[in-house]
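# Reading the structure
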Amino acid sequence: QKEVEQDPGPLSVPEGAIVSLNCTYSNSAFQYFMWYRQYSRKGPELLMYTYSSGNKEDGRFTAQVDKSSKYISLFIRDSQPSDSATYLCAMTATGANSKLTFGKGITLSVRP
Amino acid sequence: NAGVMQNPRHLVRRRGQEARLRCSPMKGHSHVYWYRQLPEEGLKFMVYLQKENIIDESGMPKERFSAEFPKEGPSILRIQQVVRGDSAAYFCASSPQGMGNTIYFGEGSWLTVV
């Protein structure tokens, strides 16, 4: 079993839709959970991070962590064509010197 | 991504040659990470360095790959005797404290081995 599993894609939605992106993980030591957005031929851009369980909202984006189920989600409200990109979940154990473990990523396309 | 500088952005090498990828971290960041992204794969951790020290190289292939972060100058990822399977995007990331929630990535170096 891989440490981090991400829903396979690609995913295509109409503009204005609510998008739900999900990852599961197996390592109970993970405490920090991140979502990165990556445009084609570009580096990953940190979108959201959450520590432990709970929700965090930033504009149209909401990150949700359920440690009991080892499940994290990213919700995008009122999706825009500019949201079309690959979304990567990442996580790391608490403490310094923490390397990130990534999901494979899911490619999202928002149709105008 | 602003601030973590990688060069070259694109590099073509013939099999058996050496590839050197450079990374200058964001200002004030003393922790550097290298990740590799193979086609259709997620980002995979390779190595974590602080100035003049390798902290964690558990993701580095045992042969041909090495990394350094000298006291002065950029971090270097060196791949000797490249093979076609080394073709990938190599991303550098930096952090001020080594904490997972403050890691920022560069734009990447795309290596193609012909």
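It should be noted that the structure appears before, not after, this text.
Quick look at the structure, then. (Residues numbered from 1 in each chain as written. Chains lettered and ligands numbered in written order. Predicted model: local features only at pLDDT ≥ 70, side-chain atom pairs only at ≥ 80, totals over all residues. Heavy atoms only, no water.)

## Quick look at the overall build of chain A
Of the regular secondary structure elements, chain A holds zero helices and 11 strands. Counted from the first residue to the last, chain A has its helices and strands arranged as β-β-β-β-β-β-β-β-β-β-β. Taken against the 2.2 N^0.38 rule, which gives 13 Å for 112 residues, the C-alpha radius of gyration of chain A at 13 Å falls within 12% of a compact globule. Along the first, second and third principal axes, the C-alpha atoms of chain A reach 40 × 30 × 25 Å. (Helix = DSSP H or I, 4+ residues; strand = E, 2+ residues; numbered from the N terminus. Rg over C-alpha atoms; globule rule 2.2 N^0.38 Å.)

## Some details on the sheet that holds strand S1 (residues 5–7) of chain B
Residues and elements named next belong to chain B. If you trace the four strands from one edge of the open sheet to the other, you get S1-S3-S8-S7, paired in antiparallel fashion. On the outer flanks of this sheet lie S1 and strand S7 (65–68), each paired with one strand and no other. Mean inter-strand twist for the sheet, computed between neighbouring axes without regard to direction, equals 15°. Sheet topology places S1 next to strand S3 (residues 19–24); three bridges connect them, and they run antiparallel. Counterpart to Met 5 in the pairing with S3 is Ser 24. (Pairing = 2+ DSSP bridges. Axes fitted to C-alpha atoms, helices over the stretch in contact; angles between N-to-C directions.)

## Some points on the interface of chain A and chain B
At the interface, 22 residues of chain A touch 29 residues of chain B. For the salt bridge of Glu 107 of chain B with Lys 42 of chain A, the shortest nitrogen-to-oxygen distance reads 3.5 Å. Inspection of the chain A/chain B interface yields seven residue pairs in polar contact (both at pLDDT 80 or more). For the side of chain A that touches chain B, the secondary-structure elements that each account for two or more residues are strand S4 (30–38), strand S5 (45–51) and strand S9 (85–93) of chain A. For the side of chain A that touches chain B, the element with the most residues is S4 of chain A, which contributes four residues. By residue class, the composition of the side of chain A that touches chain B is 10 nonpolar, seven polar and five charged. (Contact = heavy atoms within 4.5 Å. Salt bridge = Lys/Arg side-chain N within 4 Å of Asp/Glu carboxyl O. Polar contact = N/O pair within 3.5 Å; in protein donor to acceptor, adjacent residues only side chain to side chain. Nonpolar A, V, L, I, M, F, W, Y, C, P; charged D, E, K, R; others polar.)

## Observations regarding the nonpolar core
A general trend in soluble globular proteins is that nonpolar side chains are found buried together. Judged by nonpolar contacts, the single largest core of 25 residues is most densely connected at Leu 21, Trp 35, Ile 72, Leu 74, Ile 76, Tyr 87 and Met 91 of chain A. Looking at this core, the elements with two or more residues in it are strand S3 (19–25), S4, S5, strand S7 (61–66), strand S8 (71–76), S9 and strand S11 (106–111) of chain A. Those residues in contact with Ile 72 of chain A that sit more than four places away from it in its chain are Leu 21, Asn 22, Cys 23, Tyr 25, Phe 33, Trp 35, Gln 64, Val 65, Cys 89 and Met 91 of chain A. Counting residues in each nonpolar core, the second largest holds 22 residues, with Val 32, Leu 77, Val 82 and Cys 92 of chain B among its members. (Core = buried A, V, L, I, M, F, W, Y, C linked by side-chain atoms within 4.5 Å. Buried < 20%, exposed > 50% of the residue type's maximum accessible area, 1.4 Å probe, protein only.)

Function cannot be read off these values alone, since they describe shape.
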